[in-house]
Amino acid sequence: MIKLLSIEKIQTALYKLHNNKIFEYAVIAVIIFSSLLIGVRTYDIDPDYLTILQILDALVTIFFLVEISVRFMTTENKKRFFHSGWNVFDTLIVTVSLIPIDQSEYALLARLIRIFRVLRLVSTIPELRKLISALVKALPSMGYVLLLMFILFYMYAAVGSFIFEPINKELWGD
């Protein structure tokens, strides 16, 4: 009974943390900070500073692990957590960030995956999620736009070959 009560208290505290605006802003700030760390690592820097950057990167990874764990633990139906593509994306990025990348043969791949941490902003900010959803819904229609552009360019090319063929047969002859 006591253990059950303490688990409920922990879940309530985690739920309050998850729904706290300050926590949301902290997640956004850490995502931006993480992207800045990645940018700084593209410069030639002193090895002492490189050690500091590695420590900061490890702290960012731990923060992301805690954040995704809080989101998972505050989900009512744990089985449905991975029904959201954003949760799968975030979990994948955080999981790959846990892989040590110092001198392994997959170091480049792991670094590239860590760059995708910046895309977690999309899953964190609801307005960006709406924008991406609208873009994905518009993709099928974009095929028709491409088809229309092809038809227009084909027509202009045909007209251009008739008009400019007498001027330069080599460029406009066919």
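Okay, so let's go over this structure. This one's a predicted model, so the numbers in the text were calculated from it and none came from an experiment. (Residues numbered from 1 in each chain as written. Predicted model: local features only at pLDDT ≥ 70, side-chain atom pairs only at ≥ 80, totals over all residues. Heavy atoms only, no water.)

Regarding the environment of threonine 74
Mapping threonine 74 onto the fold places it in the loop between α3 (47–73) and α4 (85–97). A sequence separation of 61 residues divides threonine 74 from alanine 13, and the C-alpha atoms of the two residues are 9.5 Å apart. In this structure, threonine 74 is in contact with Leu14, Tyr15 and His18, ignoring residues within four places of it in sequence. (Helix = DSSP H or I, 4+ residues; strand = E, 2+ residues; numbered from the N terminus. Contact = heavy atoms within 4.5 Å.)

Concerning helix α2 (residues 21–40)
Spanning 20 residues, α2 covers 29 Å between terminal C-alpha atoms, matching the ideal 28 Å at 1.5 Å per step. Of all the residues in α2, the buried ones are Phe23, Val27, Ile28, Val30, Ile31, Ser34 and Leu37. Sitting at the amino-terminal end of α2 is asparagine 20, which places a side-chain oxygen 2.9 Å from the backbone nitrogen of isoleucine 22. (Expected span 1.5 Å × (residues − 1). Buried < 20%, exposed > 50% of the residue type's maximum accessible area, 1.4 Å probe, protein only. Polar contact = N/O pair within 3.5 Å; in protein donor to acceptor, adjacent residues only side chain to side chain.)

Some remarks on the packing of aromatic side chains
Inspection of every chain in the model, using the stated rule, returns 6 aromatic pairs. Ring centres of phenylalanine 23 and phenylalanine 63 lie 6.4 Å apart, and the angle between their planes is 45°; this geometry places the pair in the tilted category. Of this pair, phenylalanine 23 sits in helix α2 while phenylalanine 63 sits in helix α3, and the two are 40 residues apart along the sequence. Given a relative accessible area of 11%, phenylalanine 23 falls into the buried group. Ring geometry for phenylalanine 81 and phenylalanine 82: centres 5.0 Å apart, planes at 90°, overall edge-to-face. The class of phenylalanine 81 is buried, set by a relative accessible area of 3%. Among the residues examined, phenylalanine 82 registers a relative accessible area of 43% and is labelled partly exposed. Taken together, Phe23, Phe63 and Phe64 form an aromatic cluster joined through their ring pairs. Stacked on the ring of phenylalanine 72, the Lys or Arg lysine 78 has its end atom at 5.8 Å from the ring centre. (Phe/Tyr/Trp six-rings, centres within 6.5 Å; stacked < 30°, edge-to-face > 60°. Lys NZ or Arg CZ within 6 Å of the ring centre and 35° of its normal.)

Looking at the nonpolar core
Grouped together as the largest cluster of nonpolar side chains are 13 residues, with contacts concentrated most on Ile31, Val60 and Phe64. Elements that contribute at least two residues to this core include exactly α2 and α3. At 6 residues, the largest contribution of residues to this core is made by α2. Leaving out residues up to four positions away in the same chain, phenylalanine 64 has contacts with Val30, Ile31, Ser34, Val94, Arg117 and Arg120. (Core = buried A, V, L, I, M, F, W, Y, C linked by side-chain atoms within 4.5 Å.)

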